[in-house]
Amino acid sequence: MSGFDISRSDKNEVSVLHLSGFLDAHTVNRFENALQDLLKEDRYKITVNLKDLDYISSAGLGVFMGFIEEIREKGGDIKISNLSPKVYKVFDLLGFPALFDICEDEQEALNKFNSAQ
Amino acid sequence: MPHYLNSFKARHGEIAENDRLDKKLIELSALFEISQTLNSSLNLKSILDTILLVPMGRMMISRGMVLFEEERYEYNIASAKGLPLSIIGKKIHINNPPQHPVLLQSYKNDDEWARILREYKIELLIPLISNKDFRGLFGLGPKLTKEEFVQDEIEFLSSLANIAVQALENARNYEELNRVNRELDKKIQELNTLFEIGKELNRIFDKEEILKQVSYSLMGQLLVNRFFVMLREEDQLQIIFKKGSVFAEDKLESFMRQCAALEGLSAPVKIEEDDARYGFCHEAGIRVIVPLVMQDKNEGYIFIGPKMNQQDFTQSEMDFLATFGNMTIISLENARLFQETLEKKRLEEELNMARGIQEKLLPAAMPEIPGYDIHGLNLPSKQVGGDYFDIIVTGDEECIFTIADVSGKGMPASLLMSNLQAALHTLATEQYSLSQITGKLNHLIHKNTSIDRYITFFILKLHLPSGSYEFVNAGHNPPYHFRPDGSYTTLYDGGIILGMMPDVTYETGRGRLDAHEGIMMFTDGVTEAMDPNYNEFEEKRLIRFLRENFKDNHSEEINRRLIDQLTRFTEGHLTQSDDITILTLKRER
């Protein structure tokens, strides 16, 4: 059964969302809600750790697209880390590496946020 | 110097003294090295770099370029050094490409391509020709020393070109293979997206939810974050979903007007800046229009802004959008039908509730009043009209009879009727005259409802021992005071219907009911009952009925027979359009 889970941990200014399982049209609402919650709290520095994500569909990528502009306008960013080769392939095919900061691991993303301050 | 060259020199000592041969050997060794480098790489860029930079370095040449033939006679600058980067990708038409190395300065050729290459200060041009169908040109500028190219050098460069050809061809094939593979992967991704959204849309029947799913798939698949969806609703195009601001709100109105021009669009179309027909869309920041077509009719459009990476939409993406648009409109249409069914069900439930309210407002049983025979009935129509009748015993010797018809149908009529009933029951127990009661009811209804809500109302107070009565008729179908000899009095007196204007004074009519006489009150459902030829039952048939049935029957039987007759008259469609209410009372002795 294709489950999806999302957990959040705040590291100072940066919020890390940890996604696992299948992010597709069926589960996309939960990812959207998690991002919406962060925006409600005025937290715009977001790292999405995809270490345990097994699958992502275009709808899942659509959520990144739907939020990135607003977040960057507020001086924040979404950095994406720990992509498995399979998940990276989808990001790459659809042209995401040109628009999003894709980091090797969570620490690299956190460092980038911290050094940008 | 490589060791094999030393041993070569040692073995051929006397010849090696010859400078020319020495140089040749060095060139050969360079070629050998280059060929190893070239053939071990499938990276086109590094191959191009090698074949340009090696001669440029060895001969001190400041510029060079490689051209590939993309289609017959159509060449494309694939790489350039020492020239502006912007020329890479430039197309040049060469219909007579040289088959041997040529020096452009002395080459007798006035063709446009030769002029262009001279302009770029290309002096030496060497053909790249493989034994398959790969063709190209390899051009070099002047030497910094200003010396001319000598035959040996040209031979060396030709050899280099020959070695390079195979490597270039391999690398290009490899690149092409990669490109095709990637395109296939992308196609699979597109199909996956369509498959997934199709599955998901089958599950949802909520318009907002559908649009949300559509929006995510669109954004993720095409890298767009500005778009809006327009749909025909009640025959007007309306924006039903918007993501990102595409254009200023004040431009919206004129934009919507111009959308009429999109009527004939049947497939997704890219909008160029100078588009003759859809230029207004480009101005609005739109790059692609996807028509939403249902049964050959454009039911709406998805307008899509530029891709976030500024790239053009590919043909494959346009194909994707065509299917995607179809799925979207079908799913929106399904949702609409589903909502309609739901709405119908809700309406039915509301009518059942209205029917329930009305039933409770009507007297559950006829009061037993000695000396009088009373019967009332109400048949609600399908839409539940607002008929009402009531019998209120106000004292040992007095009783109030009332009948009313509230305008409208369904829940609103039932609620107004329930107001009327509550007010009437309160007023009836106070010491008010009938005209006062009616005046107060009128005031109340007028104050509390809009002008299109009104009530026709009849109230009659009977003094039981004497049979004398008073009544007020506020615009209701006048009841008949009927006598056994067939004569009757029509009870008109009163005033206008309740709720039309404030502060109305109502007149009071009077009469006396003697033994065996009676009064029949009814609503317009009786007189306006229709036969299949649209003839109404009318008062004349009612009078005739009363003459035939009134004298010898009890109230209940009279009412039953009237219903029977009306049912025959309408051929079974009695309560098709309006409620039927009859209240009959007879004085027995």
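Note that this is a predicted model, so its numbers are computed, not measured.

Quick look at the overall build of chain A now. Helix and strand counts for chain A come out as 4 helices and 5 strands. Starting at the N terminus and walking to the C terminus, you meet the elements of chain A as β-β-α-β-α-β-α-β-α. Taken against the 2.2 N^0.38 rule, which gives 13 Å for 117 residues, the C-alpha radius of gyration of chain A at 13 Å falls within 12% of a compact globule. Its C-alpha atoms give chain A principal-axis dimensions of roughly 40 × 25 × 20 Å. By residue count, 54% of the 117 residues in chain A fall in the buried class. Nonlocal contacts in chain A, meaning residues at least 24 apart in sequence, comprise 68% of its contacts between residues at least 6 apart.

With that settled, consider the interface of chain B and chain A. Each side of the interface is counted separately: chain B has 23 residues, and chain A has 26 residues. One salt bridge connects Asp92 of chain A with Arg182 of chain B, and the closest N-O pair in it is separated by 2.9 Å. At the surface where chain B touches chain A, the tally comes to 16 residue pairs in polar contact (both at pLDDT 80 or more). Elements with a minimum of two residues in the side of chain B that touches chain A: α6 (151-201) and α7 (207-222) of chain B. Per-element tally for the side of chain B that touches chain A: the top contributor is α7 of chain B, with 8 residues. Per-class residue counts for the side of chain B that touches chain A are 5 nonpolar, 8 polar and 10 charged.

Centre-to-centre distance and the angle between the planes together describe a pair of aromatic rings. Scanning all chains against the criterion turns up 22 aromatic pairs over all chains. On the numbers, 5.3 Å between centres and 85 degrees between planes, the contact of Tyr480 of chain B with Tyr488 of chain B is edge-to-face. On the basis of relative accessibility, which here comes to 33%, the residue Tyr488 of chain B falls in the partly exposed class. Three or more aromatic residues joined by ring pairs form one cluster here, namely Phe31, Phe64, Phe91, Phe96 and Phe100 of chain A. Over the ring of Phe149 of chain B we find Lys143 of chain B, and its NZ or CZ is 5.4 Å from the ring centre.

Here we take up the packing of α6 of chain B against α7 of chain B. Residue and element names in this part refer to chain B. With their axes 11 Å apart at the nearest point, α6 and α7 run at an angle of 170 degrees to one another. One finds that α6 runs roughly antiparallel with respect to α7. Between α6, through Gln189, Glu190, Thr193, Ile197, Glu200 and Leu201, and α7, the contact on the second element is made entirely by Ile210, Gln213, Val214, Ser217 and Gln221. Split into classes, the residues belonging to the contact of α6 with α7 amount to 4 nonpolar, 5 polar and 2 charged.

Per the UniProt record, the feature "domain: STAS" (unreviewed entry) sits at residues 4-113 of chain A. Segment residues 4-113 of chain A splits into 42% helix and 35% strand. End C-alpha atoms: 27 Å apart.

A few words on the domain arrangement of chain B. Under the domain assignment used here, chain B contains domain 1 (41-175), domain 2 (204-338) and domain 3 (363-587). Distance between the C-alpha centres of domain 1 of chain B and domain 3 of chain B: 107 Å.

Turning next to the nonpolar core. One finds Phe31, Phe64 and Phe91 of chain A together with Ile304 of chain B to be the most contacted residues of the largest nonpolar core, which totals 66 residues. For this core, the element with the most residues is helix α2 (residues 58-73) of chain A, which contributes 8 residues. Setting aside anything within four residues of it in sequence, one finds Ile304 of chain B in contact with Leu218, Val224, Arg226, Phe227, Gly285, Ile286, Arg287, Val288, Val290, Phe313 and Leu321 of chain B.

Okay, the packing of helix α10 (residues 315-361) of chain B against helix α11 (residues 410-429) of chain B next. Residues and elements named next belong to chain B. Between α10 and α11, the least distance of the axes is 8 Å, while the angle of their chain directions is 20 degrees. The angle between α10 and α11 falls in the class roughly parallel. Classified by chirality, the crossing of α11 by α10 is left-handed. Facing α10, whose interface residues are Glu350, Leu351, Met353, Ala354, Ile357, Gln358 and Leu361, α11 presents Gly410, Met411, Ser414, Leu415, Met417, Ser418 and Gln421.

Glancing now at a nonpolar patch on the surface. A cluster of nonpolar side chains, namely Tyr454, Ile496, Met500 and Met501 of chain B, defines an oily patch on the protein surface of about 330 Å² accessible area. When you line up the elements, Tyr454 of chain B lands in the loop between α12 (434-448) and β15 (455-463).

Residues and elements named next belong to chain B. Between its terminal C-alpha atoms helix α14 (residues 538-549) stretches 17 Å, which fits the 16 Å expected from 12 residues at 1.5 Å a residue. Taken residue by residue, α14 has Leu542, Ile543, Phe545, Leu546 and Asn549 as its buried positions. Down the axis of α14, the buried side of the element spans an arc of 160 degrees, and every buried residue falls inside it. For α14, the exposed residues set more than 90 degrees away from the buried face come down to Arg547 and Glu548. Tucked inside the fold, the buried residues of α14 contact β17 (480-482), β18 (488-490), β21 (518-522), α13 (524-527) and α15 (555-569).

Definitions and cut-offs
- Residues numbered from 1 in each chain as written.
- Chains lettered and ligands numbered in written order.
- Predicted model: local features only at pLDDT ≥ 70, side-chain atom pairs only at ≥ 80, totals over all residues.
- Heavy atoms only, no water.
- Helix = DSSP H or I, 4+ residues; strand = E, 2+ residues; numbered from the N terminus.
- Rg over C-alpha atoms; globule rule 2.2 N^0.38 Å.
- Buried < 20%, exposed > 50% of the residue type's maximum accessible area, 1.4 Å probe, protein only.
- Contact = heavy atoms within 4.5 Å.
- Salt bridge = Lys/Arg side-chain N within 4 Å of Asp/Glu carboxyl O.
- Polar contact = N/O pair within 3.5 Å; in protein donor to acceptor, adjacent residues only side chain to side chain.
- Nonpolar A, V, L, I, M, F, W, Y, C, P; charged D, E, K, R; others polar.
- Phe/Tyr/Trp six-rings, centres within 6.5 Å; stacked < 30°, edge-to-face > 60°.
- Lys NZ or Arg CZ within 6 Å of the ring centre and 35° of its normal.
- Axes fitted to C-alpha atoms, helices over the stretch in contact; angles between N-to-C directions.
- Parallel < 35°, antiparallel > 145°, perpendicular 65-115°, else oblique.
- UniProt positions renumbered as here; feature names shortened; annotations may be inferred.
- Domains from an automatic or database assignment.
- Core = buried A, V, L, I, M, F, W, Y, C linked by side-chain atoms within 4.5 Å.
- Left-handed = near helix turned anticlockwise from the far one by under 90°.
- Patch = residues over 30% accessible without salt bridge, like charges linked within 9 Å, V, L, I, M, F, W, Y side chains within 5 Å.
- Areas by Shrake-Rupley, 256 points an atom, 1.4 Å probe, with all protein chains shown as cover.
- Expected span 1.5 Å × (residues − 1).
- Arc of directions from axis to C-beta.

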